[in-house]
Every structure is written in C-alpha cells, then in structure tokens.
Amino acid sequence: MKKKIDLMVTAFRDGFQSVFGARVATADFLPAVEATVAAGLTHLEVGGGARFQSLYFYCNEDAFDMMDAVRAATGPQANLQTLARGVNVVGLDSQPRDMIKLHAELFKKHGITTIRNFDALNDVNNLIYSGQCIHDAGLKHEVAVTLMALPPGIEGAHTPEFYTQTLRDILDAGIPFDSVVYKDASGTATPSTVRESIRQARELLGADARIVFHTHETAGVSIPCYLAAIEAGANQVDCALAPVSGGTSQPDVISLWHALRGSEYELGIDVAKVREAEEIFKECMSEYFVPPEARSVEPLIPFSPMPGGALTANTQMMRDNNILDHYAEVAAAMEEVISRGGYATSVTPVSQFYFQQAFNNVMAGPWKKIAEGYGKMVLGYFGKTPTDPDPEIIQLASQQLKLEPTSENPVDLNDKDPTKGRGAAVKALEAEGLPITDENVFIAATCKEKGIAFLKGEARQMIRKKKPRQAEKGSQSYVVTIDGSPYTVEIGEDATIVNGRTYSVEVQPADAAEAGSRAGDRTPSSQPGKAAAGKGGSTEVKAPLPGTVLRISAKAGDKVSEGDALLVLESMKMETAVAAPSDGTVDEISVAVGDQVSADQKLAVIRS
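Throughout what follows, the structure given in this document is the object of discussion. (Residues numbered from 1 in each chain as written. Predicted model: local features only at pLDDT ≥ 70, side-chain atom pairs only at ≥ 80, totals over all residues. Heavy atoms only, no water.)

A few words on the side chain of E142. When you line up the elements, E142 lands in strand β6 (residues 140–146). A residue is classified by how much of its surface remains accessible, and E142, at 2% relative accessible area, is buried. When near neighbours in sequence (up to four residues on either side) are disregarded, E142 contacts Q81, T114, I115, R116, N117, S179, V180, V181 and V212. (Helix = DSSP H or I, 4+ residues; strand = E, 2+ residues; numbered from the N terminus. Buried < 20%, exposed > 50% of the residue type's maximum accessible area, 1.4 Å probe, protein only. Contact = heavy atoms within 4.5 Å.)

Encoded structure:
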C-alpha cells in the first residue's frame, strides 16, 4: 500500500506571481480553474500575497470580486487558500490590529477556506495575533516557518536547529493552527537541510500533525527537496501547472508524479486529466508575455536568494523602466545587503527590501540611500531579525530615515499610528466621497493611494500581453528582440506602443538626426534629476529616474522654497520625492498622477 502525498496547486497565485508578476486578469484564467477541479485537484492557492495588491495596482480589478468568482468556478467543496504576511497581512507595510482582524473576516466572507500565514523574520510575535484572528474567523490556519540558504561563506540562523526553535516558539506561544508549512520562497534551501528540518518537526509535533513543504524551482533543486521532505514525513507539497510551472515557480504536478513513480509514495492523481487541464490553461495564458527569466533555472540564485515572484516582478519593472542592464549588478549586491541586514528570510516583504537596498547601492552608491523598508527592518519596526544587523547599517538607517531603533511590538506601534487603520482609511474614503464598506476600508488601508485610485475608477490596466493595444491608423508593427527578450513595437505618427505601453517617441533617419545635431538644433538633455535652466528665469525640474507619478503636492501658481516636495515618483516599489531646486513659483506641473515617466523627463517648471 503506497502512502498518498497531498498536493496544493499554486498555479493561480504563486504561479501567476512567479511568471507574470501577478498581473493576470480573472476572466482569462477561470476556465483553467474549472478544468483543474474537474481533474480532481481541489486544493488551490488563489489569492493573497501579491495577488491582492496587484489586482488594484495593475489589473484594475477588485481582489474580493476575484475570490468570489473563483469560488463560484470551483464549487463549495474546494479548499481555496490564500497567503498572508503575518502583521503585514496582504500589504508591504505592517498593519494595526483592526486591519489584521478585518483581513481574516473579509477573506472568510469571500469564500476562502485556508490562510497560510508567515513572517519573513521568523519573529513568532508577528504570528500570534494574526494567527488567532484567522482561527477565530473560522478559517484553517496554516502557520509557516520560512526557509532559505544563506549565500556561501555566510553563517547565522537558517539551520534545521534554528527552524525547529522557531517551531518550538510557535508552540510555546499557543498559536492555534491546523497545519505547519516550511516555506522556502527563494528555492535555495538544500535537500539535506529540508530533510533534517522536516524530520525534527515530525519528531516534535508527533505522527498526527499535518506538515507541508513549499519551494521553487529557481535554483534547480525543487524535486530533490520535495523528495527529501516527503521521506522525512511531510504530508503535503505544493506544485504548479504548465504554463506557470518550473523556472521561478513551483515544479509541475506531472514532474513530481514522475519523480515518485516506482517509489512507496503516490499523488493519487489521474495524470491524463491533469494533462488536459494544462492544455486548457496554456490556451488561457497564450496571449501573455512570459519573460525569459521566468522559464529558467538560475544557478547563481544561492548567492543572491530572491523569491521567484520577486525575481520576475523586479526584472519586469526594470525592463519597463529601461534599466534591465543593471540587473546582474543589483543581484550581486544582494549578498552584502543580506549579510548586514540580520538574515531575515528572503520572502515578501523582506525580499523586496533586500532588492530595493541592493538597487540603491548600485544606482546611488553603496549605502548612500537607505531604502525605507530595509531601514525600518534593521531598526526593528517589523520585529526582531534572526540575528542583529550590522551596527553601522543601523546607524546609517537611523540617520537617513530620522528614526530611532525600537524593540516595541510592531502591532502596538501600528495601533498608535494615526496614518494606519480604520480611522485613517475612513478619512481617506470620505475625502473622495467613496462608500464606507469593510471592503473599501481594507482596500484603502492596504493599498493606500492606489487603492483609492481604483475605487474612484482611475486605475489603469497594466497587464503585459504579447498583443499590443490598437495603434492609430497607418502605424507599423515590429517585433524587436533584444538580448533574447521580445518587444512588440508599433510606431505611429504621434506615439509608439511597446508591449502595450504608450511612449512619446520621435523617429527620424540617422542622417537627419546627425545633421540636426551638427546644426545645433538639438540641445543635450540635462543629467537625470538635475534642474535645467529655461527661458526668462524659469527652471525645468526633471525626473531623477523612471517611474510612475504617485502623488502631486504642488500646483501651478504655488509659491515654493528650495527643497519643498513637488511630487512623488514610485519606481521599483519605492517612493522618491522630487523637490523644488530653488525658491520660486510653480509655473507648470507637466505630469498627472498615474503617468509613466522616463528619466530626465520634464516634470515641472519653477519660475524665480
């Protein structure tokens, strides 16, 4: 008699995040959900994590509507699971108690069965209240221990003994749970570490406990890790379905089925029906642009552990902003960022903190600009890191962010923060004349300006598909491949569309451009972020980097002083304030909220 190993299909959450940066429209994948359930796979990960914010940020959809639609497609018996980030719930920033409680209640209301709940720092204090809320809402609580391998040559935490102590702390805290998952978002934990960690967990929890293991194929060792976990006593593992399996995602269901053939274990699936479901899923996703890095095993990932979902999301953002050529430098810079930051696990939001700090170290110079999230982490505002961060980095973060280190519970800090929670969210909704519902309050609290923009009907769909938007009559279409990455380009008279995004581009023959330059017809642009002198004592304020206009705090006619904030750009999930270069009057604001801007693009004009 073979032992059956249970599966959760991650295709519709982690698969989407790992391959498409979570930017997938609900209507496009529902037929695949129905086919998956028809194939007998009824435990599905369908939301939470990046698949909450991304719907408002990029898909112009409501995540609660998405959950309702998936529940309708699966029927009442399916186990629908979402992902929560402890006290951050489904945001990049941590939340107060009222939002943590509301998260659990709303996800229960909208058809969810189970919530997997993790803390990137493995700080069990961040799991106590969030776990209790999940349990009290009538949901199954899957509590997580987060794993990764430290880059070679670095030691500290992230051993089987460290993970077992984390599990002991969960038990000692009395957190109610239905299962325990060992979650490796970067796919870097070694099979030997996985085997010993699961063995110790089984010994500690006993024969009846439900133990789950989760990893990614990014480093190429997912199947050996799954076999190690299964042999050590795991009841369940997570797999995806083609076309979002392998590479930065989980291994395919069929790959694991094949790996277990001839062993004492089985998945108990009808592989022919799974193949049928995958063909339907491939058709559903056939128009989506798949970045090449999503399909690859990256042997260097153990040196810069980055979750599959973060890897493709970050490379896509860099691709969008025409700075993908810096990716290798940023990835290499992560090693120092991790080693000096306290060894928190590279999983959201910490994986993004690591990448943002590495990005800043490359683009602005080593430690010249502390990313807000990374700085707050080393200062203790997200909880206690596994080891103490480098004192020099703590000092730099404190100086640049103007914050003192803290050991106070993040939830207590958030409860006292007037900019967070129900009160702040209701105030933001009332200011825009929007309905005060629990769903709207939660959207405003976790998605802030972008959530409000969605509720006002001002959100834009930024899903990356192979087919571009319709260009104007007379346009010419091309597919341009650069370093193996295809770009669909339509060139019209007034605009150029690249992979569905519109840019203002001037195209002229090279000899004409050279002649114009020789004749002095073209003025060299200023350096990004520099102010360029204009006519009549006016100064152009230019974008210091590519990004999206998130907020505008000044308008034409305003008197400003040097250093006053004019607007805020968002790039690589970071906010960058653009300040007035001198005293004067705002003559012009040249962009609007939501506009995509390139480096050195004119943002405003100041008249002295």
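Moving on, there is more to tell.
A few words on the environment of T576. Inspection of the secondary structure puts T576 in strand β20 (residues 574–579). When the C-alpha positions of T576 and V549 are compared, they lie 9.7 Å apart, and in sequence the two are 27 residues distant. The contacts of T576, once residues within four sequence positions are left out, are K369, P544, L545, L567, V568 and L569. Looking at T576, its side chain comes within polar contact range of the side chain of K369, at 3.5 Å. (Polar contact = N/O pair within 3.5 Å; in protein donor to acceptor, adjacent residues only side chain to side chain.)

This next bit is on helix α11 (residues 271–284). If you check α11, its first and last C-alpha atoms are 20 Å apart, about what 14 residues at 1.5 Å a residue would give, namely 20 Å. Residues of α11 that are buried: V274, A277, E278, F281 and C284. Down the axis of α11, the buried set is contained in an arc of 110 degrees. They therefore lie on one face. The outward face of α11, more than 90 degrees from its buried face, is lined by the exposed residues R275, E276 and E283. For α11, the secondary structure elements touched by its buried residues are α1 (11–20), α2 (26–38) and α10 (253–259). (Expected span 1.5 Å × (residues − 1). Arc of directions from axis to C-beta.)

By size, the foremost hydrophobic cluster in this structure holds 109 residues, and its most contacted members are Y182, F281 and F442. Considering each element in turn, this core owes the most residues, nine residues, to helix α19 (residues 438–455). Dropping the residues within four chain positions of it, F442 is found in contact with F52, F64, V89, V90, M99, L102, H103, L106 and F107. Counting 45 residues, the second-largest nonpolar core is a separate cluster that includes V212, A333, V378 and I393. (Core = buried A, V, L, I, M, F, W, Y, C linked by side-chain atoms within 4.5 Å.)

Here we take up the pattern of salt bridges. A complete count under the given rule lists 31 salt bridges for this structure. The partner of D388 in a salt bridge is K384, with the nearest N and O atoms 3.6 Å apart. Accessibility classification places D388 together with K384 in one group, the exposed group. Salt bridges sharing partners connect three or more residues here, namely E336, R340, D390 and E392. (Salt bridge = Lys/Arg side-chain N within 4 Å of Asp/Glu carboxyl O.)

Looking at where H216 falls in the secondary structure, it is placed in the loop between β8 (211–214) and α9 (222–232). Within the local environment of H216, its side chain forms a polar contact with the side chain of D14, the two groups lying 3.3 Å apart. One polar contact links H216 to Q250, side chain to side chain, over a distance of 3.0 Å. Discounting chain neighbours no more than four positions away, the residues touching H216 are D14, S18, D184, A185, G187, S222, T248, S249, Q250 and G308.

Here G246 lies in the loop between β9 (236–239) and α10. As for G246 and H216, which are separated by 30 residues in sequence, their C-alpha atoms are 7.6 Å apart. Ignoring sequence-local partners within four residues, the contact set of G246 consists of E217, P251, D252 and A294.

Take the environment of N79 next. Mapped onto the secondary structure, N79 falls in strand β4 (residues 79–84). Linking N79 and H43, residues 36 residues apart in sequence, is a C-alpha distance of 4.7 Å. For N79, the residues in contact, after removing those within four places along its chain, are T42, H43, L44, T113 and T114.

Moving on to unusual backbone geometry. At the junction of A242 and P243, the peptide bond is cis and its omega measures out at 15 degrees in the coordinates. With respect to the helices and strands, P243 occurs in the loop between β9 and α10. With an omega of 5 degrees, the peptide bond between T348 and P349 qualifies as cis. Position of P349 among the secondary structure elements: in the loop between α13 (327–339) and α14 (350–363). Positive phi outside glycine occurs at V89, with the angle close to 45 degrees. Positive phi, close to 50 degrees, is recorded for K448, a residue that is not glycine. With respect to the element layout, K448 can be found in helix α19.

Everything listed here is a matter of coordinates, which is why it stays silent on function.
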